[in-house]
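Secondary and tertiary structure notes
Each chain, letter by letter, is given below.
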Amino acid sequence: MIPHPIQVFAFKQLQFGMKVAAKILDFRQPELFTGPGSSLQLCDHIVGTGVTKLLLVSDEFLLKIGMLAPMIDRLESGGVAVSLYTGVLPDPAIEQVEAGLAVLKENGCAAVLAVGGGSSIDAAKMIAARARNPHSVALMGGLMRVIIPPLPLYAVPTTAGTGSEATIGAVISDPANSRKFVVMDPKLVPQAAALDGALMTGLPAPGTIATGMDALTHSIEAYLSVNATEKTDAEALAATKLIMENLPEVVKNGNNLEARQRMAIAAYKAGVAITTAGIGWVHSISHNFGALYHLPHGYLNAIILPRVLDLYRPVHQARLADLARVSGIEGTDEAALADAFIAKVRALNVEFGIPTQLDKLQVSDIPQIVERAMDETHWNYAVPVYMDKAETESMVRDMLPV
Ligand SMILES: NC(=O)c1ccc[n+]([C@@H]2O[C@H](COP(=O)([O-])OP(=O)(O)OC[C@H]3O[C@@H](n4cnc5c(N)ncnc54)[C@H](O)[C@@H]3O)[C@@H](O)[C@H]2O)c1
Ligand SMILES: [Fe+2]
């Protein structure tokens, strides 16, 4: 449903309240373990909490390649009985949350550990939330609708992308309605997380590119958000710098552990930034492409991102110039720096083989994509420019295959 102008006015007031809140509130961050091997330190930390039964949420591939075994051994030798749910698929669906919840209940688990990409972490967040809340996953969609605090939740990201280990968000698919929806609640921030670059060296280049471009989109959308604060600015600029310096390297040389570790830190920082400042148009359009076409989230973001930067160019010249400076672009002319930053994002897409057009996009899907992207943005995100229906449609049409 596209909001009525009065509703948009009301949301702008709410957004002003959120902006004030963002400056006053300091969202909780997870206790952090960092560096190669830190996933085992996190396991020791979990043992130290005294929990005796834990659900480990992940996917079949990571189980098969043996990534989970050292963590399971460490937990079990510390006296924690580990139950496994490894049914998570990319863009996790409500059904997988319910299946994981059934395993949790069957085994009486009192804590949840996610090991994997954003899909596993988001599914684990909602399993931990459903374990304590009687209402459905769909009813928790939107802002602050997780009423009772979830079970203790821990996260080990194995991609440097979503930053879900730091965020208040979980993105869940609802295949019956061909949609993805966002649950946003500070109660979803994990208790503790490990940023262990050693788990990321085996991620192939296409996955590295997609997840890295997701992290870059987070840092940029946070820096250009109306709700940006001094703290989110610092995190977003630091993340942008780290990604620009390290993403091309990890794409070329996946075994570079130092660069992988820096990407893990960057994705986390970008996650901290979006937790307060929020995401924007790139994500609302990307979520709707993802729900219909099932392509990697970060790949879709990368196709959309330059177009959204063009949209913001007239209102955000100075901030785009800041992003250019931390990306290593030299110069003193602000307008030229802003243009050069957008050109650099386009050049990165070319370097990574990301197309400008979305081959799978169908003309007949555009009305639904436009309506849902507008609904998501107008109700949830503090973007600097609100597009109307015609403008949103024009941006989406621009991505049709030629
Ligand atoms: N909660 C948030 O704040 C937030 C933010 C952005 C995106 N998301 C959501 O996160 C999901 C995407 O997560 P993602 O991009 O991390 O991908 P993913 O979790 O879907 O994983 C993609 C694939 O990569 C594989 N993989 C993961 N780590 C690996 C490793 N180290 N080595 C080899 N293979 C590995 C997985 O097995 C999987 O097949 C989307 O649903 C997206 O909407 C959430
Ligand atoms: Fe994202």
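Residues numbered from 1 in each chain as written. Chains lettered and ligands numbered in written order. Predicted model: local features only at pLDDT ≥ 70, side-chain atom pairs only at ≥ 80, totals over all residues. Heavy atoms only, no water.

A short note on the overall build of the protein chain
The line we're drawing: Comment: elements are numbered from the N terminus, with helices defined as DSSP H or I runs of at least four residues and strands as E runs of at least two. Atoms considered for the radius of gyration are the C-alpha atoms alone. The globule rule reads 2.2 Å times the number of residues to the power 0.38. Residue burial considers only the protein chains on display, and all accessible areas are found by Shrake-Rupley using a 1.4 Å probe. The charge count includes Lys and Arg as positive and Asp and Glu as negative, but it does not include His or the ends of the chains. Where a charge lies is defined by one atom per residue type: Lys uses NZ, Arg uses CZ, Asp uses CG and Glu uses CD.
Check the secondary structure of the protein chain and you find 15 helices and nine strands. Since a compact globule built from 402 residues should have a radius of gyration of about 21 Å, the 20 Å found for the protein chain is in line with a globular shape. Counting every atom, the protein chain has about 15700 Å² of accessible surface; 58% of that belongs to carbon and sulfur. For the protein chain, the centre of its 31 positive side-chain charges and the centre of its 40 negative side-chain charges are spaced 3 Å apart.

A short note on the sheet that holds strand β8 (residues 179-184)
Heads up, the rule is: One requirement defines pairing of two strands: DSSP has to find at least two bridges between them. Only heavy atoms matter for contacts: two residues are in contact if any of them lie within 4.5 Å across the pair. Lines fitted to C-alpha atoms define the axes here, with helix axes fitted over just the stretch in contact, and angles between the N-to-C directions of these axes take values from 0 to 180 degrees.
Strand order across the open sheet formed by three strands is β5-β8-β7, with mixed pairing between neighbours. In this open sheet, the two edge strands, each paired with only one partner strand, are β5 (142-143) and β7 (169-174). Sheet topology note: the β7/β8 ladder contains six bridges and is antiparallel. Counterpart to G169 in the pairing with β8 is M184. With respect to the sheet, helix α6 (residues 118-132) is in contact with β7 and β8, its orientation differing from that of β7 by roughly 95°.

Observations concerning the packing of helix α10 (residues 281-293) against helix α11 (residues 297-312)
Note the following rule: Crossings are sorted by hand: turned counterclockwise from the far helix by less than a right angle, the near helix makes the crossing left-handed, and turned clockwise it makes it right-handed. Gly is put with the polar residues, along with every residue not named as nonpolar or charged; the nonpolar set is Ala, Val, Leu, Ile, Met, Phe, Trp, Tyr, Cys and Pro, and the charged set is Asp, Glu, Lys and Arg.
Where α10 contacts α11, the axes come no closer than 8 Å and their chain directions differ by 145°. Two packed elements cross with a definite hand, and for α10 against α11 that hand is right-handed. Judged by residue contacts, W281, V282, H283, I285, S286, H287, F289 and G290 of α10 engage H297, L300, N301, I304, L305, V308, L311 and Y312 from α11. In the contact of α10 with α11, the residues fall into 10 nonpolar, six polar and no charged.

Quick look at unusual backbone geometry
Just so we agree on the cut-off: For the exposure calls, accessible area comes from a 1.4 Å probe over protein chains only, and a residue counts as buried if that area is under 20% of its type's maximum, exposed if over 50%, partly exposed in between.
Residue M144 is not a glycine yet carries a positive backbone phi of 55°. Positionally, M144 belongs in the loop between β5 and β6 (153-157). Exposure remark for M144: the relative accessible area of 53% places this residue in the exposed category. The backbone of S178 sits at a positive phi, close to 45°, despite the residue not being glycine. Turning to its location among the elements, S178 is positioned in the loop between β7 and β8. Note on S178: relative accessible area 28%, which makes it partly exposed.

Regarding the coordination of the iron ion (ligand 2)
For the record, the criterion: The rule for donors is simple: an N, O or S atom within 2.8 Å of the metal counts, and for Na, K and Ca the reach is 3.2 Å. Water is not among the atoms, so a site may look short of donors. A site with four donors is called tetrahedral when every donor-metal-donor angle falls between 85 and 135 degrees; four donors are called square planar, and six octahedral, when opposite donors sit more than 155 degrees apart and all other angles fall between 65 and 115; any other arrangement is irregular.
At this site the iron ion (ligand 2) is bound by D214 (OD), H218 (NE2), H283 (NE2) and H297 (NE2), with donor distances of 2.1 to 2.2 Å. For the iron ion (ligand 2), the four donor atoms in the first shell make angles of 85 to 171° at the metal, a pattern classed as irregular. According to the relative accessible area criterion, H218 is buried, its value standing at 3%.

Quick word on the site of ligand 1
Inclusion rule: When at least one non-hydrogen atom of a residue lies within 4 Å of a molecule or strand, that residue is treated as near it. Whenever a nitrogen or oxygen atom comes within 3.5 Å of another N or O atom, the pair is scored as a polar contact, on the condition that within protein one atom can donate a hydrogen and the other can accept it, and that pairs from neighbouring residues in sequence are kept only if both atoms are in side chains.
Surveying the vicinity of ligand 1 reveals 27 residues, the closest of which are D59, G118, S119, T158 and T167. At a separation of 2.8 Å, a nitrogen atom of ligand 1 approaches a polar side-chain atom of D122. Alone, ligand 1 offers 880 Å² of accessible surface; in the complex the protein occludes 87% of this. Breaking the shell around ligand 1 down by element, the ones donating at least two residues are α3 (60-64), α6, β7 and α7 (205-223).

Overview of the pairing of strand β4 (residues 111-116)
Counting buried positions over the six residues of β4 gives six, a clear majority of the element. Burial along β4 is two-sided: the residues A111, L113 and V115 and V112, A114 and G116 are all buried. Pairing geometry for strand β2 (residues 53-57) and β4, over four bridges, is parallel. Its bridge partner lying in β4, V57 is registered against A114. Relative to β6, β4 runs parallel, the two being bridged by five bridges. Of the residues in β6, the one forming a bridge with G116 is P157.

A look at α11
For clarity, the threshold we go by: In this scheme, a helix's expected span is set at 1.5 Å multiplied by one less than its residue total. A residue's bend is given by the angle between axes fitted to the 7 residues ending at it and the 7 residues starting at it.
The first and last C-alpha atoms of α11 sit 22 Å apart over 16 residues, in line with the 22 Å expected at 1.5 Å per residue. The largest bend along α11 reaches roughly 35° and is located at I304, with the proline P306 sitting one to four residues downstream. With 13 of its 16 residues buried, α11 lies for the most part within the structure.

A word on the environment of Q317
Structurally, the position occupied by Q317 is in helix α12 (residues 317-326). The class for Q317 is partly exposed, based on a relative accessible area of 25%. Put simply, Q317 and I172 are 145 residues apart on the chain and 34 Å apart in space, counted from C-alpha to C-alpha. Leaving out residues up to four positions away in the same chain, Q317 has contacts with E334, A335 and A338.

Structural notes on the sheet that holds β4
Read across the sheet, six strands follow the order β1-β9-β6-β4-β2-β3 without closing on themselves; strand pairing throughout is parallel. Only two strands of the sheet have a single partner each, and these edge strands are β1 (31-34) and β3 (81-85). Strand-to-strand twist across the sheet, computed as the mean angle between neighbouring axes with direction ignored, equals 20°. Pairing of β6 with strand β9 (residues 192-195), which is carried by two bridges, proceeds in the parallel orientation. Counted as the bridge partner of A155 is A193 from β9. Relative to the sheet, helix α2 (residues 38-48) contacts β1, β2, β4, β6 and β9, its axis offset from that of β9 by approximately 160°. Packed on one face of the sheet, helix α4 (residues 69-77) meets β2, β3, β4 and β6 and runs near 150° to β3.

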